[in-house]
Amino acid sequence: MNFKEICDRELKESEGLKNLLKKLEDVKGKRVLLFGHDDPDGTSSASIIKRVLEKKGASFVHTVFPEGFDVFPYEIEAESKYGPFDLFVSVDKGSKDGLDKIVEMGLDTLAIDHHFLMGEIKKATLFNSLLTKRSYCSGSYLCLIVSTLLGCVEPIDEFDALIGLKADFAIDPTSGNFGGADFVKPWIEEIKPRWENLFKEIPGTATLFDTAQREKTTLLSQIAEVYFAVTGGAFQYFYPDDPILGKLNQPLLCFEENLKLNTKIDKLKKVNSLEDFMKLIDKREAWQRAYDLFKRNWSDVVKKMETAVPIGRANDATIYLFVSDKLPLIPMVGGIALAEKVKKNADGEGMIFMINTEITSQGKLGTHFSLRATSDKIHVGKICQASAARLNEVFNNPTEISGGGHPRAGECRTRNAGVPHGIALYHGISLLRELLELEAKRSSWTDSDKKRAVELGIAS
Ligand SMILES: [Mn+2]
């Protein structure tokens, strides 16, 4: 199967994609509000779709990268001074039934997403690769399919799709992972000869994306890491006190410079090092600053993570606990630190439960549970979902308190709910206690024990 066949199959099998293409064919003269996830895949996805919208004749495209994953009606209202809008497009953000609420507000809504589905979306037009049961990809790859089917694709879209795929861990060239054989891999094989510079191995350094090994990397991973640092990586790792970055909106800083690469495509195809790449960025001083601060934070956090404590085992995996205060980069460093701990202590497999505090955009103190696992033995996304459910039993604020994720990566955050950290901490630890107690009596589980074990991710 080649990329053209992949696109054609998607068009045939995805009703959402079919309807989405029809609406994008019809944007001439329209004013569009475009939301992207505030991470590298989000800015890359938004770049591809902004070009599509402009080629199809949209009269105005206002692009925003709101904090957080889901889309909420109040975020649309916050942009009303740039309106009125005829169309709302969301890329690489959550596929939640909240999208329908925007249609109910009277705004036609399109969404392109590769994340798990939460609730049934009935009114908005959604292209989500999980609806056609495709293997894991990125938002940018789905945007590339959209652009290709609309006849809008150009070389810069390939670069953007690659950044999103790499930054969302959909491909890992240094370990020979080029994505699902039925979906992403054929495309990578087609374009790889055109982007050899990005795929060449660089020995001696590892980026946050080199989780399978730490001995080498690629230029693609290095550039994706810079994008992570500049966008704030969906975790709002911003530097409000920095004299340069403090004055800038970091996701927009990444997006706007990324868009300009289209005019430098010949040079982009020839870059052979990160230094070469940075020369193409007009606001390189700000980009470099974000990257330097990121790297400094990274090495600090790696050191602190050494204090993570093993607290027990469940389903043949060791559980580590790490508690910290306002530490950045926890989720990314956690995965890598966990792999090293598990190897050193010969655990076989492991999971790390990290509890951190964070200052929210509204200046409140929030609690962040970040979980990582080396295998599918403990489904950490489910633990995060159960944590949020537990906290919502007490605080009943699901707009702010949410949790979920994949088997190997999950997050739960209290955000602006005003949950005292001690209470959140208590509930996190008591969930761990419940999990360990359940594990201890695994051989004599009742039906309700089994049900709870599934909810807590230690049985399937
Ligand atoms: Mn994504």
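What you are looking at is a predicted structure, and each value in this text was computed from that prediction instead of being measured.

Engineer: Any details on helix 7 (residues 155-167)? Residues and values, ideally.
Structural biologist: Relative to the 18 Å expected for 13 residues at 1.5 Å per residue, helix 7 spans 19 Å between its end C-alpha atoms, a close match to the ideal helical length. Burial runs high along helix 7: 12 of the 13 residues are buried. Three or more residues of helix 7 are buried, namely Ile-156, Asp-157, Glu-158, Phe-159, Asp-160, Ala-161, Leu-162, Ile-163, Gly-164, Leu-165, Lys-166 and Ala-167. Just downstream of helix 7, Phe-169 is the residue with a positive phi angle, here 60 degrees.

Engineer: Can you tell me about the nonpolar core, naming the residues and giving the values?
Structural biologist: Counting 102 residues, the largest nonpolar core has Tyr-141, Phe-159 and Phe-277 as the members making the most contacts within it. Of all the elements, helix 10 (residues 219-231) adds the most residues to this core, at 9 residues. Two domains each put at least three residues into this core: domain 1 (3-154) and domain 2 (308-455). Each residue touching Tyr-141, except ones within four places of it in the same chain, is listed here: Phe-3, Ile-6, Leu-165, Phe-183, Val-184 and Trp-187. Counting residues in hydrophobic clusters, the runner-up holds 31 residues, among them Ala-317, Ile-355, Ala-388 and Leu-435.

Engineer: Account for unusual backbone geometry, with residues named and values stated.
Structural biologist: For the bond running from Gly-83 to Pro-84, omega is 5 degrees, close enough to zero to count as cis. Mapped onto the elements, Pro-84 comes out in the loop between helix 4 (73-77) and strand 3 (87-91). One non-glycine residue with positive phi stands out, namely Lys-133, at about 55 degrees. With a phi close to 45 degrees, Arg-415 is a non-glycine residue in the positive phi region.

Engineer: Provide a residue-level description of the coordination of the manganese ion, including the pertinent values.
Structural biologist: Taken together, the protein ligands of the manganese ion are Asp-41 (OD), Asp-92 (OD), His-114 (NE2) and Asp-168 (OD), with distances of 2.0 to 2.4 Å. Read in sequence order, the donor residues for the manganese ion give the motif D-x50-D-x21-H-x53-D. Taken together, the residues span a long stretch of sequence, with Asp-41 in helix 3 (residues 40-55) and Asp-92 in the loop between strand 3 and strand 4 (95-96) at a distance of 51 residues. Under the relative-accessibility criterion, Asp-41 is labelled buried at 0%. With relative accessibility at 0%, the residue Asp-92 sits in the buried group.

Engineer: For the pattern of salt bridges, give the residues involved together with the corresponding values.
Structural biologist: Evaluation of the coordinates by the stated rule reveals 32 salt bridges. Between Lys-56 and Glu-25 there is a salt bridge, with its nearest N and O atoms 3.1 Å apart. Pair noted here: Lys-56 is in the loop between helix 3 and strand 2 (60-64) and Glu-25 is in the loop between helix 2 (15-24) and strand 1 (31-36), with a separation of 31 residues, a long-range link. Where Glu-257 meets Lys-260, a salt bridge forms, and the shortest distance between an N and an O atom there is 2.7 Å. Note that Glu-257 and Lys-260 are positioned in helix 11 (residues 250-260) at a spacing of 3 residues, about one turn of the helix. Exposure remark for Lys-260: the relative accessible area of 30% places this residue in the partly exposed category. Put simply, Arg-390, Glu-434, Lys-451, Arg-452 and Glu-455 are held in one network by salt bridges that share partners.

Engineer: Account for the packing of aromatic side chains, naming residues and giving values.
Structural biologist: This structure, assessed with the given rule, holds 22 aromatic pairs. Cation over ring: Lys-192 sits above Phe-199, and NZ or CZ is 5.6 Å from the ring centre. Its guanidinium or amino end placed over the ring of Trp-195, Lys-269 lies 5.4 Å from that ring's centre, counting from NZ or CZ.

Engineer: Which residues make up the domain arrangement of the chain, and what values do they have?
Structural biologist: The domain boundaries assigned to the chain delineate domain 1 (3-154) and domain 2 (308-455). For domain 1 and domain 2, the distance between their C-alpha centres works out to 31 Å. Contacts between domain 1 and domain 2 engage 4 residues on the former and 5 residues on the latter. Of the roughly 440 Å² buried at the junction of domain 1 and domain 2 (both faces included), carbon and sulfur atoms supply 59%. Here domain 1 and domain 2 share 0 salt bridges between them. Counting the contacts that link domain 1 with domain 2 gives 0 residue pairs in polar contact (both at pLDDT 80 or more). When the residues that make up the side of domain 1 that touches domain 2 are grouped by side-chain class, the tally is 2 nonpolar, 1 polar and 1 charged.

Engineer: For the packing of helix 16 (residues 380-395) against helix 18 (residues 447-455), give the residues involved together with the corresponding values.
Structural biologist: One can describe the packing of helix 16 onto helix 18 by two numbers: an axis separation of 8 Å at closest approach and a directional angle of 105 degrees. For the element pair helix 16 / helix 18, the angle class is roughly perpendicular. Facing helix 16, whose interface residues are Lys-382, Ile-383, Ala-386 and Arg-390, helix 18 presents Arg-452, Val-454 and Glu-455. When its residues are assigned to classes, the contact of helix 16 with helix 18 shows 3 nonpolar, no polar and 4 charged.

Engineer: So, the layout of surface pockets: which residues are in play, and what are the values?
Structural biologist: Any space left empty among the atoms is revealed by the rolling of a water-sized probe across them. What the second largest pocket holds in volume is close to 670 Å³. Lining the second largest pocket we find 26 residues, and of these Phe-235, Gln-236, Tyr-237, Phe-238 and Ile-359 sit closest to its centre. Listed by contribution, the elements that provide at least two residues to the lining of the second largest pocket are helix 15 (330-344) and strand 12 (350-359).

Basis of the calculations
Residues numbered from 1 in each chain as written. Predicted model: local features only at pLDDT ≥ 70, side-chain atom pairs only at ≥ 80, totals over all residues. Heavy atoms only, no water. Helix = DSSP H or I, 4+ residues; strand = E, 2+ residues; numbered from the N terminus. Expected span 1.5 Å × (residues − 1). Buried < 20%, exposed > 50% of the residue type's maximum accessible area, 1.4 Å probe, protein only. Core = buried A, V, L, I, M, F, W, Y, C linked by side-chain atoms within 4.5 Å. Domains from an automatic or database assignment. Contact = heavy atoms within 4.5 Å. Donors = N, O, S within 2.8 Å, 3.2 Å for Na, K, Ca; no water. Salt bridge = Lys/Arg side-chain N within 4 Å of Asp/Glu carboxyl O. Phe/Tyr/Trp six-rings, centres within 6.5 Å; stacked < 30°, edge-to-face > 60°. Lys NZ or Arg CZ within 6 Å of the ring centre and 35° of its normal. Buried area = accessible area lost by both parts, 1.4 Å probe. Polar contact = N/O pair within 3.5 Å; in protein donor to acceptor, adjacent residues only side chain to side chain. Nonpolar A, V, L, I, M, F, W, Y, C, P; charged D, E, K, R; others polar. Axes fitted to C-alpha atoms, helices over the stretch in contact; angles between N-to-C directions. Parallel < 35°, antiparallel > 145°, perpendicular 65-115°, else oblique. 1 Å grid on protein atoms, 1.4 Å probe; cavity = no way out; pocket = protein on both sides within 12 Å on 5 of 7 lines; lining within 4 Å. Points joined across faces, edges and corners; volume = space filled by probe spheres on them.

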